[in-house]
Amino acid sequence: METINEFTPDEFLKTIKEVPTVPFHKFELLTSKYGESCLYCFVEGHDLPYYSVRVEAIASMSCYCIDSGGKKNVIAINDFLREKEEYFKYKTLYMVDKDYDDNSKLNESIYVTPCYSVENLYRINNIVDKLFCMSPEDSKYDECHSYIKDKYNQFISAISLFCTWYYSNKEFERNNKIILDIALDENMDSRFLNYIVDEQDIIIDANYSLDDINNYYNTSISLHDIEANSHFINEYNIRGKYLFQFFEKLLTYFNMDSSKKGPHKFFKKSLAINTDRKKMMTTLNCIAATPKELKEYIQKYIA
């Protein structure tokens, strides 16, 4: 297990010394053009489609969401602008994902999602009604709901151990004031989870153990750690990128079922839903929830 350096929430903030150039430059360009008449919102880049439609609707004023890259950049810009009196006249907002981090030392002017990430706000129960536009009168309505719920439960069961292992490592970092060298991809590694998708069904194939994960990532999380932290892992605290991987596979199946010559299990007309991961947050905006905490945060900082 490789460790990187000493780490506490305070020390994490101290490592952020310089304001990220690109988002700050964009902020200066926007303020020079629109001045104090607009709201400026710094967000993690991949979350921009979610926030852009919601902030403006809640604030009831023009808003420019600025792609700030990652979480550290949003924090750095917040830290920088709070110390520069010449920028106090502008209304600014800052949004970050909770992740499995200790966010207790972040300034209160930064909004932190109530769940792991923005992706977790995209609700599986809304797919049939809001994305497929089905109603209870449709003959396949209940069957479609049941199918999606069953596959979702299989997905949660398949990734729960992995997410608990990852959370346990984050807890180990906090307790020992270190950073572990663990890099996770956007998709869950195929060594641990595979999706088999065709026009007939989705098969979620997860066949791994805690030893398999520890051996691959060179970690030493114990069964005791897993048992102690398993209660923390639920649909709101699974890794959001894995949820969107599941959405991609689920919607690919429905596209295939609806576009085949027949017989169709659910839809006779092609759905043709865009499953491009880069566009999925926009595609699925209709199924996403808006937490009350977000509304309260925006209303507080635009007053």
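Above this text is the structure in question.
Here the structure is a predicted model, which is why all the values come from computation and not from measurement.

Chemist: Could you give an account of the nonpolar core, with specific residues and numbers?
Modeler: Residues M95, F132, F155, W165 and F247 are the most contacted members of the largest nonpolar core, which totals 96 residues. Of the residues forming this core, the biggest block, 14 residues, is contributed by helix α6 (residues 141-176). When near neighbours in sequence (up to four residues on either side) are disregarded, M95 contacts C41, F42, V43, E44, Y51, V55, V74, Y111, L294, Y297 and I298.

Chemist: So what's going on with the pairing of strand β7 (residues 193-197)? Which residues, and what values?
Modeler: Across five bridges, β7 lies against strand β8 (residues 202-206) in antiparallel orientation. Its bridge partner being in β8, Y195 is matched across the sheet by I204. From the end of β7 to the start of β8, which pair antiparallel, there are four residues.

Chemist: Requested: an account of the sheet that holds strand β4 (residues 91-96), with residues and values cited.
Modeler: Strands sit in the order β3-β2-β4-β5 across an open sheet of four strands; the sheet is parallel. The open sheet terminates on both sides in strands that have one partner only, identified here as β3 (63-67) and β5 (110-112). Strand-to-strand twist in this sheet, taken as the mean axis angle between neighbours without regard to direction, amounts to 25°. Both strand β2 (residues 39-43) and β3 contribute to a ladder of five bridges, which runs parallel. Within β3, the position partnered with Y40 by the bridge is Y64. Taken strand by strand, helix α4 (residues 71-81) contacts β2, β4 and β5, and its axis lies near 150° from that of β4. Where helix α11 (residues 292-302) meets the sheet, it contacts β2, β4 and β5, and its direction lies at approximately 155° from that of β4.

Chemist: Would you mind going over the packing of α6 against helix α9 (residues 240-259) in detail, with residue names and values included?
Modeler: At their nearest, the axes of α6 and α9 sit 11 Å apart, and the two run at 150° to each other. Read as a crossing pair, α6 and α9 show a hand that is right-handed. The segment α6 lies against α9, with C144, Y147, I148, K151, Y152, F155, I159, F162 and C163 engaging Y242, L243, F246, L250, Y253 and F254. Considering only residue class, the contact of α6 with α9 consists of 14 nonpolar, no polar and one charged.

Chemist: A description of the packing of aromatic side chains should follow, citing residues and the corresponding values.
Modeler: Per the stated rule, a full pass over the model turns up 43 aromatic pairs. Ring geometry for F27 against Y90: centres 5.9 Å apart, planes inclined by 85°, an arrangement best described as edge-to-face. Highlighted residues: F27 in helix α2 (residues 21-34) and Y90 in the loop between α4 and β4, separated in sequence by 63 residues. Assessed through its relative accessible area of 0%, F27 is described here as buried.

Chemist: Please provide a residue-by-residue account of the environment of S104, values included.
Modeler: Inspection of the secondary structure puts S104 in the loop between β4 and β5. Exposure remark for S104: the relative accessible area of 55% places this residue in the exposed category. Linking S104 and G45, residues 59 residues apart in sequence, is a C-alpha distance of 22 Å. Engagement of the side chain of S104 in a polar contact is seen with the side chain of D102, the distance being 2.7 Å.

Chemist: Outline the pattern of salt bridges, supporting the account with residue identities and numerical values.
Modeler: Tallied over the entire structure, the rule returns 11 salt bridges. Ionic pairing is found between K140 and E143, a salt bridge with its closest N-O pair at 3.4 Å. Residue E143 is classed as partly exposed on the basis of its relative accessible area, which comes to 34%. Ionic pairing is found between R277 and E186, a salt bridge with its closest N-O pair at 3.5 Å. A residue pair is termed long-range when its members are at least 10 positions apart, and R277 in the loop between α9 and α10 (280-283) and E186 in the loop between β6 (178-180) and β7 qualify at 91 residues. A relative accessible area of 18% places R277 in the buried class. Judged by relative accessible area, which is 43%, E186 ranks as partly exposed.

Calculation rules
- Residues numbered from 1 in each chain as written.
- Predicted model: local features only at pLDDT ≥ 70, side-chain atom pairs only at ≥ 80, totals over all residues.
- Heavy atoms only, no water.
- Core = buried A, V, L, I, M, F, W, Y, C linked by side-chain atoms within 4.5 Å.
- Buried < 20%, exposed > 50% of the residue type's maximum accessible area, 1.4 Å probe, protein only.
- Helix = DSSP H or I, 4+ residues; strand = E, 2+ residues; numbered from the N terminus.
- Contact = heavy atoms within 4.5 Å.
- Pairing = 2+ DSSP bridges.
- Axes fitted to C-alpha atoms, helices over the stretch in contact; angles between N-to-C directions.
- Left-handed = near helix turned anticlockwise from the far one by under 90°.
- Nonpolar A, V, L, I, M, F, W, Y, C, P; charged D, E, K, R; others polar.
- Phe/Tyr/Trp six-rings, centres within 6.5 Å; stacked < 30°, edge-to-face > 60°.
- Polar contact = N/O pair within 3.5 Å; in protein donor to acceptor, adjacent residues only side chain to side chain.
- Salt bridge = Lys/Arg side-chain N within 4 Å of Asp/Glu carboxyl O.

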